[in-house]
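Listed below are the residues making up each chain.
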Amino acid sequence: MIHAHMTTWFLALVLFFVALGLHKSGKEKGAKIVQMVLRLFYVLILLTGFWLLFSININIMYVLKAAVGLWVIAMLEMILIRTKKNEKASILWIQFIVAVLLVLYLGFSLPLGTDMF
């Protein structure tokens, strides 16, 4: 299940940047389709993440990682919405970078993250 979770968030990041590029190039119909597929991947990330969370002995650090993961998903969606509305999103980008670095650190430093190597 770890590989499914990692694959879904990796593909979600790829889809995010594709949707962002389509928005910036003015291809709104394509961007909207990619954004809807991205939202499906949000659901898959949540399902696989909660599956992992509840299949182990829950520790406060795993709950913190889940909360930061939700923060990442929220930032992805908010950046796309602000970009679509042509509004400034620089503070959201900073939050996104901080959240991604934190979730990667927690994900790979917790014991379940080291089992995959």
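Naming follows an unreviewed UniProt entry, where the chain appears as UPF0344 protein DYI25_01045 of Mesobacillus boroniphilus. Annotation of the chain in UniProt includes, under Subcellular location (unreviewed entry), the sentence "Cell membrane".

1. Side note on the UniProt feature "transmembrane region" (unreviewed entry) in the chain
Residues annotated by UniProt as "transmembrane region" (unreviewed entry) correspond here to residues 6–24, 36–54, 60–80 and 92–112. Each end of residues 36–54 is marked by a C-alpha atom, and these two atoms are 27 Å apart; helix forms 100% of the span and strand 0%. With 100% helix and 0% strand, the stretch residues 60–80 has end C-alpha atoms that lie 31 Å from each other.

2. A look at the side chain of histidine 23
Structurally, the position occupied by histidine 23 is in helix α1 (residues 2–24). Owing to a relative accessible area of 8%, histidine 23 belongs among the buried residues under this scheme. Ignoring sequence-local partners within four residues, the contact set of histidine 23 consists of Glu28, Ala31, Gln35, Leu80, Thr83 and Lys84.

3. Considering helix α2 (residues 28–54)
Along its 27 residues, α2 runs 39 Å from first to last C-alpha, staying within 8% of the 39 Å computed at 1.5 Å per residue. Among the residues of α2, those classed as buried are Ala31, Val34, Gln35, Leu38, Phe41, Tyr42, Ile45, Thr48, Leu52 and Leu53.

4. Quick look at the nonpolar core
Membership of the largest hydrophobic core comes to 26 residues, with the highest contact counts inside it found for Phe16, Leu38, Val72, Leu76, Ile79, Leu80 and Phe96. Those elements giving two or more residues to this core turn out to be α1, α2, α3 (60–84) and α4 (90–109). No other element matches α3, which puts seven residues into this core. Aside from chain neighbours lying at most four places away, what touches phenylalanine 96 is Leu13, Val72, Met75, Leu76 and Ile79.

5. Describing the environment of methionine 36
For methionine 36, the position within the fold is in helix α2. C-alpha separation for the pair methionine 36 and alanine 19, spaced 17 residues apart in sequence, amounts to 9.6 Å.

6. Here's the deal with the packing of α1 against α3
With their axes 9 Å apart at the nearest point, α1 and α3 run at an angle of 15° to one another. By the angle between their directions, the pair α1 and α3 is classed as roughly parallel. Relative to α3, the crossing made by α1 is left-handed. Touching His5, Leu13, Phe16, Ala19, Leu20, His23 and Lys24 of α1 are Lys65, Leu76, Ile79, Leu80, Thr83 and Lys84, all from α3. Per-class residue counts for the contact of α1 with α3 are seven nonpolar, three polar and three charged.

7. Focus on the environment of leucine 38
Residue position: leucine 38 is located in helix α2. Considered as a pair, leucine 38 and tryptophan 9 are 29 residues apart in the sequence and their alpha carbons are 9.9 Å apart. Those residues in contact with leucine 38 that lie beyond four places of it in its chain are Ala12, Leu15, Phe16 and Leu80.

8. Section: the packing of aromatic side chains
As enumerated under the stated definition, the model contains six aromatic pairs in all. Here tryptophan 93 and phenylalanine 96 contribute two aromatic rings whose centre-to-centre distance is 5.8 Å and whose plane-to-plane angle is 85°, an arrangement assigned as edge-to-face. On the criterion of helical spacing, the pair formed by tryptophan 93 and phenylalanine 96 is a turn pair, its members being three residues apart in helix α4. In this structure tryptophan 93 comes out as partly exposed when scored by relative accessible area, which is 26%. Overall, phenylalanine 96 belongs to the buried group, its relative accessible area being 7%. Ring-pair connections join several aromatic residues into one group, and the members of that group are Phe16, Phe17, Trp93 and Phe96.

Procedures and definitions
- Residues numbered from 1 in each chain as written.
- Predicted model: local features only at pLDDT ≥ 70, side-chain atom pairs only at ≥ 80, totals over all residues.
- Heavy atoms only, no water.
- UniProt positions renumbered as here; feature names shortened; annotations may be inferred.
- Helix = DSSP H or I, 4+ residues; strand = E, 2+ residues; numbered from the N terminus.
- Buried < 20%, exposed > 50% of the residue type's maximum accessible area, 1.4 Å probe, protein only.
- Contact = heavy atoms within 4.5 Å.
- Expected span 1.5 Å × (residues − 1).
- Core = buried A, V, L, I, M, F, W, Y, C linked by side-chain atoms within 4.5 Å.
- Axes fitted to C-alpha atoms, helices over the stretch in contact; angles between N-to-C directions.
- Parallel < 35°, antiparallel > 145°, perpendicular 65-115°, else oblique.
- Left-handed = near helix turned anticlockwise from the far one by under 90°.
- Nonpolar A, V, L, I, M, F, W, Y, C, P; charged D, E, K, R; others polar.
- Phe/Tyr/Trp six-rings, centres within 6.5 Å; stacked < 30°, edge-to-face > 60°.

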